[in-house]
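Topology and contacts: notes
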Amino acid sequence: MTDDVLTSAAEGVATVTLNRPAKKNALTTAMYAALADALDAAEADAGVRTVVLQGDETVFCAGNDIRDFLDRPQAGTDDPAFRFLRTIARFPKPVVAGVCGPAVGVGATMLLHCDLVYAGEGATLHFPFVDLGLIPEAGSSLLLPQVVGHQRAAAALLLGEPFGAAAAADVGLVNQVLPDAEVLGHARAQAARLAAKPVTALVETKRLLRSGTQAALLDRIEDEGAVFTRLLGEPAAQAALGSFLARPGR
Ligand code: COA
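Reference entry: report on the structure contained in this document. Note that the structure is predicted; figures quoted are calculated from it, not measured. (Residues numbered from 1 in each chain as written. Predicted model: local features only at pLDDT ≥ 70, side-chain atom pairs only at ≥ 80, totals over all residues. Heavy atoms only, no water.)

In this section: the overall build of the chain. Assigned secondary structure in the chain consists of 11 helices and nine strands. In summary, the chain has a C-alpha radius of gyration of 17 Å against a globular reference of 18 Å for 250 residues, a match within 12%. On the principal axes, the C-alpha backbone points of the chain span a range of 50 × 40 × 35 Å. Buried residues in the chain amount to 50% of all 250 residues. In the chain, 74% of the contacts between residues at least 6 apart in sequence involve partners at least 24 apart. Of the roughly 11,100 Å² of accessible surface on the chain, 55% is carried by carbon and sulfur atoms. Across the chain, the 21 positively charged side chains and the 28 negatively charged ones have centroids separated by 2 Å. (Helix = DSSP H or I, 4+ residues; strand = E, 2+ residues; numbered from the N terminus. Rg over C-alpha atoms; globule rule 2.2 N^0.38 Å. Buried < 20%, exposed > 50% of the residue type's maximum accessible area, 1.4 Å probe, protein only. Contact = heavy atoms within 4.5 Å. Areas by Shrake-Rupley, 256 points an atom, 1.4 Å probe, with all protein chains shown as cover. Lys, Arg positive; Asp, Glu negative; His and termini not counted. Charge placed at Lys NZ, Arg CZ, Asp CG, Glu CD.)

Applying the stated criterion across every chain yields a total of eight salt bridges. Aspartate 65 is the partner of arginine 20 in a salt bridge, and the nearest nitrogen-oxygen pair spans 2.7 Å. Of the two residues, arginine 20 sits in the loop between strand 2 (13-18) and helix 1 (29-44) while aspartate 65 sits in the loop between strand 3 (50-54) and helix 2 (66-71), which places them 45 residues apart along the sequence. Of the two residues, arginine 20 and aspartate 65, both sit in the buried class. With its nearest N and O atoms 3.0 Å apart, the salt bridge here joins glutamate 222 to arginine 86. With a gap of 136 residues between them, glutamate 222 in helix 10 (residues 214-232) and arginine 86 in helix 3 (residues 80-90) connect regions that are remote in the sequence. Given the relative accessible area of 29%, glutamate 222 is considered partly exposed. Overlapping salt bridges bring together Asp37, Asp40 and Arg83 as one network. (Salt bridge = Lys/Arg side-chain N within 4 Å of Asp/Glu carboxyl O.)

With that settled, the discussion passes to the packing of helix 1 against helix 3. One way to put it is that helix 1 packs onto helix 3 with a least axis distance of 8 Å and a crossing angle of 30°. Between helix 1 and helix 3, the angle is such that the two are roughly parallel. Handedness of the crossing formed by helix 1 with helix 3: left-handed. Together, Thr29, Tyr32, Ala33, Leu35, Ala36, Asp37, Leu39 and Asp40 of helix 1 and Pro80, Ala81, Arg83, Phe84, Thr87 and Ile88 of helix 3 make up the contact between the two elements. Among the residues forming the contact of helix 1 with helix 3, the class breakdown is nine nonpolar, two polar and three charged. (Axes fitted to C-alpha atoms, helices over the stretch in contact; angles between N-to-C directions. Parallel < 35°, antiparallel > 145°, perpendicular 65-115°, else oblique. Left-handed = near helix turned anticlockwise from the far one by under 90°. Nonpolar A, V, L, I, M, F, W, Y, C, P; charged D, E, K, R; others polar.)

As a further point, take the side chain of asparagine 64. By secondary structure assignment, the location of asparagine 64 is in the loop between strand 3 and helix 2. Within polar-contact distance, the side chain of asparagine 64 engages the side chain of tyrosine 32 at 2.7 Å. (Polar contact = N/O pair within 3.5 Å; in protein donor to acceptor, adjacent residues only side chain to side chain.)

Our focus in this paragraph is helix 8 (residues 180-195). When the terminal C-alpha atoms of helix 8 are compared, their 24 Å separation across 16 residues agrees well with the 22 Å that a helix rising 1.5 Å per residue should span. When helix 8 is considered as a whole, its buried residues turn out to be Val183, Leu184, Ala187, Gln190, Ala191, Leu194 and Ala195. (Expected span 1.5 Å × (residues − 1).)

Within the secondary structure, leucine 231 is located in helix 10. Under the relative-accessibility criterion, leucine 231 is labelled buried at 16%. Excluding its chain neighbours within four sequence positions, the residues that come into contact with leucine 231 are Gly133, Leu134, Ile135 and Ala237.

Attention shifts here to the environment of leucine 143. With respect to the helices and strands, leucine 143 occurs in helix 5 (residues 140-148). Distance in space between the C-alpha atoms of leucine 143 and threonine 213 is 8.6 Å, their sequence separation being 70 residues.

Another point: helix 1. Here helix 1 is 16 residues long and its end C-alpha atoms lie 23 Å apart, about the 22 Å a rise of 1.5 Å per residue gives. Every buried residue of helix 1 is accounted for by Thr29, Met31, Tyr32, Ala34, Leu35, Ala36, Ala38, Leu39 and Ala42. Buried-residue contacts for helix 1 involve strand 1 (5-10), strand 2, strand 3, helix 2, helix 3 and helix 4 (106-109).

Before going further, it helps to examine unusual backbone geometry. Even without being glycine, glutamate 11 reaches a positive phi, approximately 50°. The exposure class of glutamate 11 is exposed, given its relative accessible area of 78%.

The next thing to look at is the sheet that holds strand 5 (residues 102-104). Read from one edge to the other, the open sheet built from three strands follows the order 5-7-8, with strand pairing classed as mixed. Each having just a single partner strand, strand 5 and strand 8 (163-164) make up the two edges of the open sheet. With two bridges joining them, strand 7 (residues 124-126) and strand 8 adopt antiparallel strand pairing. When the bridges of strand 8 are listed, leucine 125 appears paired with phenylalanine 163. (Pairing = 2+ DSSP bridges.)

Functional significance is not addressed by these values, which are geometric in nature.
As structure tokens, this is what we get:
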């Protein structure tokens, strides 16, 4: 159990909130497990028709907790992180994301699994894996070029160039940009609109939208996971992650 992920449900909408603001909602192993559990519970609950995934008005998620990465190398594809990725990739009901501030690493790649993404004006989506000696995960090496095209994906994944909110909307990574203070309310309202619709039609439509990619996506998550885990133990990643933690003033 962790308080760093909060869950609630009302009127057909389950809300999953990343709640570790002092660490910019960086995800620990316990948080990945809680996220996977929250999605499993939302799937099993016939009263839940849609899920909102959110941080707060200042930050969505700074990616995997870097200290966790160094102290507790991922155990492979049975690790809670991979369980969460497989769960969100397969999740059958619509997921609406409300994103303010930074969405980095898995904080950005998890958005590729959401169906509607609403971003605040100050949001940035950043995929800095290569600069950290790592590779993209969560199937993002497959999904990102599908959404934005190869060259833009290469700039994001190889050069590590972030997308600001407006650029993210231009290339189709987010549905709409709103003032930061309005994002979470809008995401909730859109989820409520979905929850008022016939659930079987929603679920079947999501299944069809994703069906062309689904099998390849689950394979890609496994492939990426194996390479990611290997690179995490190599000197380039250890040095880059260590230097983040050793920043002056820390
Ligand atoms: N893992 C662990 N701690 C993290 C973290 C992460 N991924 N991201 C932020 N934090 C911590 C910082 O160490 C700091 O902790 P401290 O106050 O105890 O020193 C706190 O969160 C605030 O972060 P800070 O960097 O001061 O905030 P900022 O507003 O200047 O920058 C980010 C926010 C998200 C841009 C920046 O924290 C960042 O780049 N984080 C790392 C992102 C990353 O590389 N993730 C891994 C991808 S695989």
